[in-house]
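Here are the chains, one letter per residue:
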Amino acid sequence: MTNWQELDKKYYMQTIVRVPVTLVRGEGARVWDDRGKEYLDFVCGLAVNCLGHCHPVVVNALTEQAQTLMQTSLWYYTTPMLRLAELLVQNSCLDRVFICNSGLEANEGAIKLARRYGALKLNGAYEVITTNNSFHGRSLALTAASGQVKMHEPFEPLPVGFINVANNDIEAVKSATTDKTCAIMLELIQAETGVNLPDNDYPKKVREWCDQKGILLILDEVQTGIGRLGTLFGYQTYGVEPDIMSLAKGLGSGIPIGAFLAKENASVFTIGDHNATFGGNPVTSATSYAALKYVIENDIPGNARRVGQYLVDSLNKLREKYQFVTEVRGRGLLVAMEFDSDIGQEVLMACLEKGLLVNRVKPNAVRFVPPLIIDNRDVDEAMEILDKALSTFDN
Ligand SMILES: *Cc1c(COP(=O)(O)O)cnc(C)c1O
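Predicted, not measured: the structure shown is a model, and the values here were computed from it.

Structural notes on the pairing of strand S15 (residues 365-368)
Item 1. Side-chain alternation along S15 places Ala 365 and Arg 367 on one buried face and Val 366 and Phe 368 on a second face that is also buried.
Item 2. Of the strand pairs in this sheet, strand S12 (residues 334-339) and S15 are connected by four bridges, and their pairing is antiparallel. Residue pairing for S15: Glu 338 is matched across the bridge by Ala 365.
Item 3. Two strands pair when backbone bridges link them, and strand S14 (residues 359-362) and S15 are joined in this way by three bridges, in the antiparallel orientation. Counted as the bridge partner of Arg 360 is Val 366 from S15.
Item 4. Two successive antiparallel strands, S14 and S15, enclose a turn made up of two residues.

Right, dumping it as structure tokens:
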């Protein structure tokens, strides 16, 4: 049998410490490794496969479009991307869409759009305020936008125009705002750095400040969008409307796609301002359209809200049982469990051994981002495994 971990060491750039398992197949909320072992998957492609692995609606749309038309460039009209754009606009508070291929591309587009807005409507304002511990992507500009020193240092000098301020602190946003500011960019919940919840009224206060100053609110909904928080978009959970919003992870339920959307007023790109060779690709757009339509028509966000509450309640029972569990937090099916010491990786490994995939989101925390189609029985099964895993640590 091929030793895939040896091949990885030999041929692949070593930028992350992979979980020592080779996955070969997936169905619903389950995956199998190359030895045939089954796992319940509470990582789901890193909060991507919202309908689980290989959902027939997704697979059928993908294969049908792959047999019809694959790639044309944006120099031609194609139907899948226009259907997807219409569906996104009809179900959100935004008016126009640009479809791209990933979260970072969506955020880059969102920032370029905000800079054009600043140039045209705010006397050349170009600075974007973001928050400490945010994660927005790994291009050079988004490395600067992400408020994490450890991301910045290896790649300095970074592009200018990004100001990182304290998270969840409206006064910090206010004092960083100058006549150079064109936008404030937020993750509603900081997902990659620990599932850090804001105070419930923080996004609203930022919205009000943006209105007062005439600057744009960009919501990075790459992870919170498409049902993850229990509403189709995260902004509905927090009762604010963005001027610009980026989407990616859950948008295609497993295929690589991203999009940024804007209100008409903020939609200031003109001919020549933006393009992408693979943008609006027929295969990814048709697949995403089918997935999103299914999410909407079957109230998948509602399921995420209900099962998410059950997951949080179940995790809290384990918190009461194990003193070293310090906190359970999340909205919908974006949930984390934190420990009083750095045992995140060991908990991950103990769960892996017993057949559950979880994600280490901080040295002392694991994250649960299961497919949005799971039910309470899946949660019960995961809790049984997690309980056994936690019982191997000193309480
Ligand atoms: C994952 C993520 C990104 C980056 O998306 P990529 O597709 O990996 O480029 C950006 N913002 C948030 C909030 C994310 O969770």
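Remarks on the nonpolar core
Item 1. Core analysis: the largest hydrophobic core is formed by 115 residues, its most contacted members being Met 337, Phe 368, Leu 386 and Leu 390.
Item 2. For this core, the domains that each give at least three residues are domain 1 (4-54 + 300-391) and domain 2 (56-297).
Item 3. Each residue touching Leu 390, except ones within four places of it in the same chain, is listed here: Leu 318, Tyr 322, Phe 324, Val 325, Met 337, Phe 339 and Val 347.
Item 4. Listed in part, the six residues of the second largest apolar core include Val 21, Tyr 39, Leu 352 and Leu 357.

Considerations on the packing of helix H4 (residues 79-90) against helix H11 (residues 282-297)
Item 1. Contact geometry for H4 and H11: axes closest at 8 Å, N-to-C directions at 30°. In terms of axis orientation, H4 runs roughly parallel to H11. In this structure, H4 meets H11 at a crossing whose hand is left-handed. Touching Pro 80, Met 81, Arg 83, Leu 84, Leu 87 and Leu 88 of H4 are Pro 282, Ser 285, Ala 286, Ser 288, Tyr 289, Leu 292, Lys 293 and Ile 296, all from H11.

Quick look at the sheet that holds strand S1 (residues 23-27)
Item 1. Reading across from one edge, S1-S2-S3-S13 is the order of the four strands in this open sheet, with mixed pairing throughout. If you trace the sheet from one side to the other, it starts and ends with S1 and strand S13 (356-357), each paired once.
Item 2. Across three bridges, strand S2 (residues 30-33) lies against strand S3 (residues 38-41) in antiparallel orientation. Pairing of Trp 32 across the sheet is with Glu 38, part of S3.

A word on the sheet that holds strand S5 (residues 127-131)
Item 1. Pairing is mixed in the open sheet, where seven strands are placed in the order S4-S10-S9-S8-S7-S5-S6. Since the sheet does not close on itself, it has two edges, and those belong to strand S4 (96-100) and strand S6 (162-165), each with one partner. Taken pair by pair, the neighbouring strands of this sheet meet at an average axis angle of 20°, ignoring direction.
Item 2. In this sheet, strand S8 (residues 216-220) lies alongside strand S7 (residues 181-186) in parallel orientation, the contact comprising four bridges. Looking at S8, one finds that Met 185 is bridged to Ile 218.
Item 3. Helix H9 (residues 202-213) contacts S5, S7 and S8 of the sheet and is inclined by roughly 170° relative to S7.

Digging into the site of the ligand
Item 1. Taken together, 13 residues lie near the ligand, and Gly 103, Leu 104, Asp 220, Gln 223 and Lys 249 sit nearest.
Item 2. Within the backbone of Leu 104, a nitrogen or oxygen atom sits 2.8 Å from an oxygen atom of the ligand.
Item 3. Contact between the ligand and Lys 249: an oxygen atom at 2.6 Å from a side-chain N or O atom of the residue.
Item 4. A total of three residues in the shell around the ligand trace back to one element, the largest contributor, which is helix H5 (residues 103-121).
Item 5. Of the residues in the shell around the ligand, the class split is three nonpolar, six polar and four charged.

Some thoughts on the environment of Glu 384
Item 1. Along the chain, Glu 384 turns up in helix H14 (residues 376-390).
Item 2. Taking relative accessible area as the criterion, Glu 384 reaches 53% and is therefore assigned exposed.
Item 3. Sequence separation of Glu 384 and Leu 318 is 66 residues, and the distance between their C-alpha atoms is 10.0 Å.

Some points on the pattern of salt bridges
Item 1. Enumeration according to the criterion identifies 20 salt bridges in this entry.
Item 2. The partner of Glu 381 in a salt bridge is Arg 30, with the nearest N and O atoms 2.9 Å apart. Here Glu 381 is found in helix H14, whereas its partner Arg 30 is found in strand S2, with 351 residues between them in sequence.
Item 3. The structure contains a network of salt bridges with shared partners spanning Arg 30, Glu 38, Asp 378 and Glu 381.

Section: the domain arrangement of the protein
Item 1. When cut into domains, the protein gives domain 1 (4-54 + 300-391) and domain 2 (56-297).
Item 2. On a C-alpha basis, the centroid separation for the pair domain 1 and domain 2 is 26 Å.
Item 3. Facing the 28 residues of domain 1 at the interface are 30 residues of domain 2.
Item 4. A combined buried area of about 2,300 Å² lies between domain 1 and domain 2, and 60% of that area is made up of carbon and sulfur atoms.

Regarding the packing of aromatic side chains
Item 1. Scanning the entire structure with this criterion turns up six aromatic pairs.
Item 2. Ring plane angle 35° and centroid distance 6.3 Å describe the contact between Phe 324 and Phe 339, whose orientation is recorded as tilted. Within this pair, whereas Phe 324 is found in the loop between helix H12 (300-321) and strand S11 (325-331), its partner Phe 339 is found in strand S12, the two being separated by 15 residues in sequence.
Item 3. Look at Phe 324 and you get buried, because its relative accessible area is 5%.
Item 4. By way of ring pairs, the aromatic residues Tyr 322, Phe 324, Phe 339 and Phe 393 are connected into one cluster.
Item 5. The positively charged end of Arg 25 is found above the aromatic ring belonging to Trp 32, 4.1 Å away from the centroid.
Item 6. When the ring centre of Tyr 238 is taken as origin, the NZ or CZ atom of Arg 331, which lies over that ring, is 5.1 Å away.

Conventions we followed
Residues numbered from 1 in each chain as written. Predicted model: local features only at pLDDT ≥ 70, side-chain atom pairs only at ≥ 80, totals over all residues. Heavy atoms only, no water. Buried < 20%, exposed > 50% of the residue type's maximum accessible area, 1.4 Å probe, protein only. Helix = DSSP H or I, 4+ residues; strand = E, 2+ residues; numbered from the N terminus. Pairing = 2+ DSSP bridges. Core = buried A, V, L, I, M, F, W, Y, C linked by side-chain atoms within 4.5 Å. Domains from an automatic or database assignment. Contact = heavy atoms within 4.5 Å. Axes fitted to C-alpha atoms, helices over the stretch in contact; angles between N-to-C directions. Parallel < 35°, antiparallel > 145°, perpendicular 65-115°, else oblique. Left-handed = near helix turned anticlockwise from the far one by under 90°. Near = heavy atom within 4 Å. Polar contact = N/O pair within 3.5 Å; in protein donor to acceptor, adjacent residues only side chain to side chain. Nonpolar A, V, L, I, M, F, W, Y, C, P; charged D, E, K, R; others polar. Salt bridge = Lys/Arg side-chain N within 4 Å of Asp/Glu carboxyl O. Buried area = accessible area lost by both parts, 1.4 Å probe. Phe/Tyr/Trp six-rings, centres within 6.5 Å; stacked < 30°, edge-to-face > 60°. Lys NZ or Arg CZ within 6 Å of the ring centre and 35° of its normal.

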